[in-house]
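Here is how the chains run, residue by residue.
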Amino acid sequence: MTTQHPGTAGPLSALRSLYLATAGVAADLLERHEVAQRWNEPSILDRMTVGDLAAHLGRSVLLVAAFLDATPPPGGRTIGAEEYFGAFTGLDDLDSDINGGIRARAHEDASPGPDGVAVRVRTCLDTLPARFEAEPADRLVSAYGGQVMLLDEFLRTRLVELCVHGEDLELSVGLGPGVDAADDVADPPDDALAEAVAVLVGAARHRHGDAAVLRALSRRERDAVDALRSI
C-alpha cells in the first residue's frame, strides 16, 4: 500500500484545502474576459485552441467530482501521484493515442463555450468543500486506467495539472509574466507549486531512476534521456 503523503490526515486535510485554493485560482482565470475573447484562437499548446486548453484546465475540477460520484473501488494496491505520472508513456509524441485522447476530450468539454465552461467549473468547485468534509482520509478513487488512489493522492496529481495548465492558459491569452494586464491575475499558492514540483520530480525518479535524475539536475550535458521532463 502507498503511504499517505504528509498533510493527508483528516477529512478536510491540508492537502484538500490546498487543492481548493489552487482550483479557485483556476476558476478565476476561466472567468477572465481575455479567455472568452480568444476562445477559438490557437493556444500555446500545439493542436489545442484556447477553449480546448481552458476546458482541459477545468477538467481538473470536474474530474474530482466525477470520481467522488463513482462507487469507491474495493481496495487493493494503491499508487501515489508520482507513480501515476511516472507510468504514462507517449506524452512527448503529439500523435500518440494518449495525446489524441486528451485533445478530443478537451475539444468536447469546450463545446459549451467560455461562459458555459466557466459556470460549470465554478458550480462544481463550490460543492467540493462540503464533499471533502464528508469523505474520510482513506477515501479511495479509481483513476486513469482503473488505478486505485487515495483521494488526496489524486488531488496531488490535480495540483500538477492546475499549476502547469494555468500558466499555459495565461500565456495563451496574453496574461503571462511581464504583462501589465497580468498584475491582477492570482498565482497558485506557493505550497501548490512546491507540491507540483515534488510530484513531477518523483515521477521522473519513478520513470528513469535516481541516477538519471541526479545527472539531469547536476550535469545536464550528460542527461541523455531528458530525465526531468515528466509530462
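Residues numbered from 1 in each chain as written. Predicted model: local features only at pLDDT ≥ 70, side-chain atom pairs only at ≥ 80, totals over all residues. Heavy atoms only, no water.

A. Just the packing of helix H1 (residues 14-30) against helix H6 (residues 113-134), in detail. At their nearest, the axes of H1 and H6 sit 10 Å apart, and the two run at 165° to each other. Considered as vectors, H1 and H6 are oriented roughly antiparallel to each other. The element H1 and its partner H6 pack so that their crossing is left-handed. Contact residues: Arg 16, Tyr 19, Leu 20, Ala 23, Gly 24, Ala 27, Asp 28 and Leu 30 in H1; Ala 118, Val 121, Arg 122, Leu 125, Leu 128, Pro 129 and Phe 132 in H6. When grouped by side-chain class, the residues that make up the contact of H1 with H6 number 11 nonpolar, 1 polar and 3 charged. (Axes fitted to C-alpha atoms, helices over the stretch in contact; angles between N-to-C directions. Helix = DSSP H or I, 4+ residues; strand = E, 2+ residues; numbered from the N terminus. Parallel < 35°, antiparallel > 145°, perpendicular 65-115°, else oblique. Left-handed = near helix turned anticlockwise from the far one by under 90°. Contact = heavy atoms within 4.5 Å. Nonpolar A, V, L, I, M, F, W, Y, C, P; charged D, E, K, R; others polar.)

B. Inspection of the environment of Tyr 19 at higher detail. Position of Tyr 19 among the secondary structure elements: in helix H1. Given the relative accessible area of 0%, Tyr 19 is considered buried. If near-sequence neighbours (up to four positions away) are discounted, Tyr 19 is found in contact with Ser 60, Val 61, Val 64, Leu 128, Phe 132, Leu 155, Arg 158, Leu 159 and Leu 162. (Buried < 20%, exposed > 50% of the residue type's maximum accessible area, 1.4 Å probe, protein only.)

C. How the structure looks around the packing of helix H8 (residues 190-208) against helix H9 (residues 210-218). One way to put it is that H8 packs onto H9 with a least axis distance of 7 Å and a crossing angle of 125°. Here H9 runs oblique to H8, going by the angle between their axes. Residue-level inspection shows Val 201, Ala 204, Arg 205 and His 208 of H8 in contact with H9, the latter providing Asp 210, Ala 212 and Val 213. When the residues that make up the contact of H8 with H9 are grouped by side-chain class, the tally is 4 nonpolar, 1 polar and 2 charged.

D. A look at the state of the cysteines. All chains considered together, the criterion is met by 0 disulfides. Left unpaired, Cys 124 is separated from the closest cysteine sulfur, that of Cys 163, by 18 Å. You can call Cys 163 buried: its relative accessible area is 10%. (Disulfide = S-S within 2.5 Å.)

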